[in-house]
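Structural features, examined
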Amino acid sequence: MEAVQKLKANLKLENKPCGWCNQGLRVGDDAAVCTTCLKEHHDRCWEGKGGCSSPGCVNAPLKRLDAPAPGYAGAPMGAPPMAAALPPGLMRCPRCGNAIAMGSDICPMCRAITSPDGLYHGPKITAPGATAALVCGIIGLFFCGVILGIVAIVKGNEAKRSIASDPTYGGGGMATAGIVLGILDLIGWAIFLLVRLSAT
């Protein structure tokens, strides 16, 4: 039997914490599920660490016997031992300890911010769902607010979860506005229906 099932993360896996980096999986992420203990991982974390994160699992990577190099005693728990100096142009992620390109704003393995001040300074893209939340919230004020209001709230919350788990995502203002408008949609249409019913 295969040690791992690789798939695109679906709604069932959404927000499940990766066993290695503890970051929530997002719908569409490349995922790796251990076939023995069923623990969820990012595919990149599974490959980078060499197997399952569950202690004692038969698919867990073999423990390395080489000792950490001097000066690496404070490495994060679970970080790989540093057997030799890194080649020029590489540095270690402060969270997971993997070698990454020097000057990287985000670790590609665990999505940790690697800048000295702990802030992400790179470009951002609008989180999935943020624009849809705002648009549905606005349209819902005039048409079919009972349905579009719910959609706006759901999409806005999805966007905010994505922003919280990945610093390369922006659009928090749009997501919040979509949620607020979605709530107003539901309240407004509830009042409208009550007025219509009381008038009959």
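Let me sum up the structure you'll find in this document. What you see is a predicted model; the values in this text were computed from it and never measured.

Regarding the overall build of the protein
Counting its secondary structure elements, the protein contains four helices and seven strands. Taking contacts inside the protein between residues at least 6 apart in sequence as the whole, the part at least 24 apart equals 42%. Split by element, the accessible area of the protein, about 11,600 Å² in all, is 66% carbon and sulfur.

Quick word on the packing of helix α2 (residues 130-140) against helix α4 (residues 172-199)
Relative orientation of the contacting elements α2 and α4 amounts to 25 degrees, with a least axis distance of 8 Å. Of the possible angle classes, the one that applies to α2 and α4 is roughly parallel. As for the relative orientation of α2 and α4, their crossing is left-handed in sense. Each of Ala130, Thr131, Ala133, Leu134, Cys136, Gly137, Ile138 and Gly140 in α2 lies in contact with α4, whose residues at this interface are Met174, Ala175, Ala177, Gly178, Leu181, Gly182, Asp185 and Trp189. Split by residue class, the contact of α2 with α4 holds ten nonpolar, five polar and one charged.

With respect to the sheet that holds strand β3 (residues 40-42)
The antiparallel open sheet is built from three strands, whose spatial order is β1-β2-β3. Each having just a single partner strand, β1 (4-8) and β3 make up the two edges of the open sheet. Across the sheet, the axes of successive neighbouring strands diverge by a mean angle of 30 degrees, strand direction being ignored. Across three bridges, strand β2 (residues 30-34) lies against β3 in antiparallel orientation. For Ala31, the partnering residue across the bridge sits in β3 and is His42.

So, helix α3 (residues 145-165)
Between its first and last C-alpha, α3 extends 30 Å over 21 residues, near the 30 Å set by a 1.5 Å rise per residue. Of the positions making up α3, those classed as buried are Gly145, Leu148, Gly149, Ala152, Ile153, Gly156, Ala159, Ser162 and Ser165. Buried residues in α3 make contact with α2, β7 (169-170) and α4.

So, the side chain of Arg26
Position of Arg26 relative to the elements: it lies in the loop between β1 and β2. A distance of 3.3 Å separates polar atoms of two side chains, one belonging to Arg26 and the other to Asp166.

Description of the environment of Glu14
Relative to the helices and strands, Glu14 is located in the loop between β1 and β2. Since its relative accessible area comes to 23%, Glu14 is described here as partly exposed. Residues Glu14 and Arg26, spaced twelve residues apart in sequence, show a C-alpha to C-alpha distance of 5.2 Å. Apart from residues no more than four positions distant in its own chain, Glu14 is found in contact with Leu25, Val27 and Arg161.

Let's talk about a nonpolar patch on the surface
Judged by side-chain polarity, Val135, Ile138, Ile139, Leu141, Phe142, Phe143, Val180, Ile183, Leu184, Ile187, Ile191 and Val195 come together as a nonpolar surface patch covering roughly 1,100 Å² of accessible area. Among the elements of the structure, α2 and α4 are those that each provide at least two residues to the nonpolar patch. When residues of the nonpolar patch are assigned to their parent elements, the largest contribution, six residues, is made by α4. Among the structural elements, Ile183 can be located in helix α4.

Rules of the game
Residues numbered from 1 in each chain as written. Predicted model: local features only at pLDDT ≥ 70, side-chain atom pairs only at ≥ 80, totals over all residues. Heavy atoms only, no water. Helix = DSSP H or I, 4+ residues; strand = E, 2+ residues; numbered from the N terminus. Contact = heavy atoms within 4.5 Å. Areas by Shrake-Rupley, 256 points an atom, 1.4 Å probe, with all protein chains shown as cover. Axes fitted to C-alpha atoms, helices over the stretch in contact; angles between N-to-C directions. Parallel < 35°, antiparallel > 145°, perpendicular 65-115°, else oblique. Left-handed = near helix turned anticlockwise from the far one by under 90°. Nonpolar A, V, L, I, M, F, W, Y, C, P; charged D, E, K, R; others polar. Pairing = 2+ DSSP bridges. Expected span 1.5 Å × (residues − 1). Buried < 20%, exposed > 50% of the residue type's maximum accessible area, 1.4 Å probe, protein only. Polar contact = N/O pair within 3.5 Å; in protein donor to acceptor, adjacent residues only side chain to side chain. Patch = residues over 30% accessible without salt bridge, like charges linked within 9 Å, V, L, I, M, F, W, Y side chains within 5 Å. Salt bridge = Lys/Arg side-chain N within 4 Å of Asp/Glu carboxyl O.

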